[in-house]
Amino acid sequence: MFARFENPQLMIRKTNRLNRSVITGFIKLVDDLVTNPKENKKCRDELSHNIFLMLQECNKFREHQAREILIETLEKQLEERTSTIDLLKKQISNSDSILSQMHDHLNS
């Protein structure tokens, strides 16, 4: 649906440019409503289109941001699971050692 994530600086510039266009279009729309209330369809359409384009740019970033958050979450889970496995292995080793000592003690 949306293009792949682009250079963040390029996206910021595009979004800023579109934001300025939206603000300019809104001011023009307000002026048109005051001076000529019946003929503002073109201005409304341009404003609506610029808002739509700005939302598309923001959605492109959200896709990338979601991917980054997912990667971070999965990496954190992997670290936690690896740490838990290491701790479990250590506990098993300690238990084996204690059982071995008890077995040796009972056999002596």
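Everything below is about the structure shown above.
What comes next is a walk through the structure. Note that the coordinates shown come from a computational prediction; the quantities given were computed from them, not determined experimentally.

1. Section: the overall build of the chain
When its secondary structure is counted, the chain shows two helices and zero strands. Its C-alpha atoms give the chain a radius of gyration of 31 Å, more than 25% over the compact-globule value 13 Å for 108 residues. Along the three orthogonal principal directions, the C-alpha set of the chain runs to about 105 × 25 × 20 Å. A separation of at least 24 residues holds for 67% of the contacts in the chain among residues at least 6 apart in sequence. When the 17 positive and 16 negative side-chain charges of the chain are each reduced to one mean point, those points stand 9 Å apart.

2. Some thoughts on a nonpolar patch on the surface
Where nonpolar side chains cluster on the molecular surface, the patch consists of Ile23, Phe26, Ile27, Val30 and Val34 and spans about 490 Å² of accessible area. Mapped onto the secondary structure, Ile27 falls in helix H1 (residues 8-35).

3. Here we look at helix H2 (residues 41-107)
Between its first and last C-alpha, H2 extends 96 Å over 67 residues, near the 99 Å set by a 1.5 Å rise per residue. The set of residues buried in H2 consists of Cys43, Leu47, Asn50, Met54, Glu57 and Lys60.

4. Comments concerning the environment of Met54
Among the structural elements, Met54 can be located in helix H2. Between the alpha carbons of Met54 and Asn19 there is a distance of 7.0 Å; along the sequence they are 35 residues apart. Filtering out sequence-adjacent residues up to four positions away, Met54 remains in contact with Thr15, Leu18 and Asn19.

About the criteria used
- Residues numbered from 1 in each chain as written.
- Predicted model: local features only at pLDDT ≥ 70, side-chain atom pairs only at ≥ 80, totals over all residues.
- Heavy atoms only, no water.
- Helix = DSSP H or I, 4+ residues; strand = E, 2+ residues; numbered from the N terminus.
- Rg over C-alpha atoms; globule rule 2.2 N^0.38 Å.
- Contact = heavy atoms within 4.5 Å.
- Lys, Arg positive; Asp, Glu negative; His and termini not counted.
- Charge placed at Lys NZ, Arg CZ, Asp CG, Glu CD.
- Patch = residues over 30% accessible without salt bridge, like charges linked within 9 Å, V, L, I, M, F, W, Y side chains within 5 Å.
- Areas by Shrake-Rupley, 256 points an atom, 1.4 Å probe, with all protein chains shown as cover.
- Salt bridge = Lys/Arg side-chain N within 4 Å of Asp/Glu carboxyl O.
- Expected span 1.5 Å × (residues − 1).
- Buried < 20%, exposed > 50% of the residue type's maximum accessible area, 1.4 Å probe, protein only.

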